[in-house]
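The primary structure of each chain is shown beneath.
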Amino acid sequence: MTEIPEHLLKRSRERRAAIGKGGDEGDNAPAAGESAQTPAPSAATPATQPAAAPPAGPPPRTVAPEPAAPPPPQPDPPYVVAAKRRKRIPFWAMATLSLMPIWAFIYVRSVTDTPEVAEGPLGLGEEIYSNCASCHGGDGGGGVGYAFSGGEVLLSYPQIEDQIRYVYYGTEGYNATGVEVPGNPDRPGGPHVTGALGVMPAFGGQLTPYQIIGVVCHERYTLGGADPTSEEFADEFATWCSEDSPVFEAVQSGTYDYTNESLGEMADFDITPVGPVPIEGSP
Ligand code: HEC
């Protein structure tokens, strides 16, 4: 048993007296009797004894925050427990995972970009043709200018050199030199006389020689329907329009060295396979 301090006992007695309890205790009567007395000492004590302060001190402590404690001990809900127990993604895996979108992008491209893109003269020619489509039609069906499709352009230009030359010099180039038939003089229904339909712009200064070769290949093989495997066009295709066309390659790299028998001396030029001036076309 520990000793209960006197002042605590006294306070207990006072409390009991205050709530009218403690009839069972013998000292309660005296306590009640004292109660008349106690105020006096307590009134006196402030002056003489600061011991009155302790009784005042403890009460606040009885209002300690303990009652507020009960709420906290709530257990974590199951999903929180599960979340805490779950394994985290290792930090090194984050780098890998962050690349997933890029992989997805590469994968989708590799799957969707399979349609083969033509290389060489035909691939280039298809791009360059955007300069021609407004007058000749996107599919070469014609418009302001002649049609290329359905073999039309092949009837006009059996020789690819003549067609390249015409695109290079245009209507004005031919008119200036008095050459009237740039292509096939024996064309069914009569030759295409330069200037008869309108003005075909000269592309010599606007496009490079190899771009002109490319777009002419596009007009003949892709739009005009020439068959690169046919006896008629196999040689031409291999020389001018195939992926490893030696002429296209030479012109593109600036090492072109081509001699056109019919030009004789004049064949000594270095700009394009077309020659330094417009000349009459061949059947
Ligand atoms: C501004 C309109 C216009 C544009 C752009 C144009 N052409 Fe023409 N093209 C014509 C006209 C008009 C003719 C007929 C010219 C004539 O009567 O002398 C023609 C004729 C031709 C011919 C001769 C066809 C034949 O059957 O006789 C060829 C080949 C040709 N163009 C190729 C091209 C190419 C290649 C391009 C693009 C690099 C091009 N054209 C862009 C208007 C155009």
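The sections below set out a description of the structure shown in this document. For every chain, the first residue of the written sequence is number 1, and numbering continues from 1 onward in sequence order. pLDDT decides what is reported in this predicted model: residues at 70 or higher carry local features, side-chain atom pairs at 80 or more are listed and counted, and totals for whole chains, interfaces and linings draw on all residues regardless. Only hydrogens and water are set aside; all other atoms, that is, all heavy atoms of the structure, feed into the side-chain values.

## A closer look at the pattern of salt bridges
For this document, the term salt bridge refers to a Lys or Arg side-chain nitrogen within 4 Å of an Asp or Glu carboxyl oxygen. Per the stated rule, a full pass over the model turns up five salt bridges. Salt-bridge contacts for D162 lead to R165; the nearest nitrogen and oxygen are separated by 2.8 Å. One end of the pair is D162 and the other is R165, both in helix α12 (residues 160-177) and three residues apart, which spans about a single turn. Residues D162 and R165 agree in their burial class; the two are buried. Counting from the N terminus, the helices are the DSSP runs of H or I reaching at least four residues and the strands are the DSSP runs of E reaching at least two. Exposed residues in this analysis have more than 50% of their type's maximum accessible area, buried residues have under 20%, and partly exposed residues fall in between, with area computed by a 1.4 Å probe over protein chains only.

## Description of the coordination of the iron atom of the ligand
Only N, O and S atoms count as donors, using a 2.8 Å limit from the metal and a wider 3.2 Å limit for Na, K and Ca, and since water is excluded some coordination spheres may look unfilled. Around the iron atom of the ligand, the protein contributes the donor atoms H136 (NE2) and M200 (SD), which lie 2.0 to 2.1 Å from the metal centre. Seen from the iron atom of the ligand, its six donor atoms lie at angles of 87 to 179°, and the figure they make is octahedral. Here the residue H136 occupies a position in helix α10 (residues 133-136), and M200 occupies one in the loop between α12 and α13 (209-223), the gap between them amounting to 64 residues. Assessed through its relative accessible area of 10%, H136 is described here as buried. The geometry test gives tetrahedral to four donors whose angles all lie between 85 and 135 degrees, gives square planar to four donors and octahedral to six donors whose opposite members are over 155 degrees apart with all other angles between 65 and 115, and gives irregular to the rest.

## Details of the packing of aromatic side chains
A pair of Phe, Tyr and Trp rings is counted when the ring centres sit within 6.5 Å of each other, with Trp represented by its six-membered ring. The angle between the planes then sorts it: under 30 degrees is stacked, over 60 is edge-to-face, the rest tilted. According to the stated counting rule, one finds seven aromatic pairs in the structure shown. Aromatic pair Y221 and F233: ring centres 6.1 Å apart, planes at 80°, arrangement edge-to-face. Of this pair, Y221 sits in helix α13 while F233 sits in the loop between α13 and α14 (234-241); the two residues are 12 residues apart in sequence, bridging distant segments of the chain. F233 matches Y221 in its accessibility class, with the two residues each being buried.

## A look at the nonpolar core
Side-chain atoms within 4.5 Å are what join buried Ala, Val, Leu, Ile, Met, Phe, Trp, Tyr and Cys residues into a set we call a nonpolar core. Within the largest apolar cluster, 36 residues are counted, with the highest numbers of intra-cluster contacts made by I164, I212 and I213. At the level of elements, α9 (120-128), α11 (152-156), α12, α13, α14 and α15 (246-253) are the ones that each hand at least two residues to this core.

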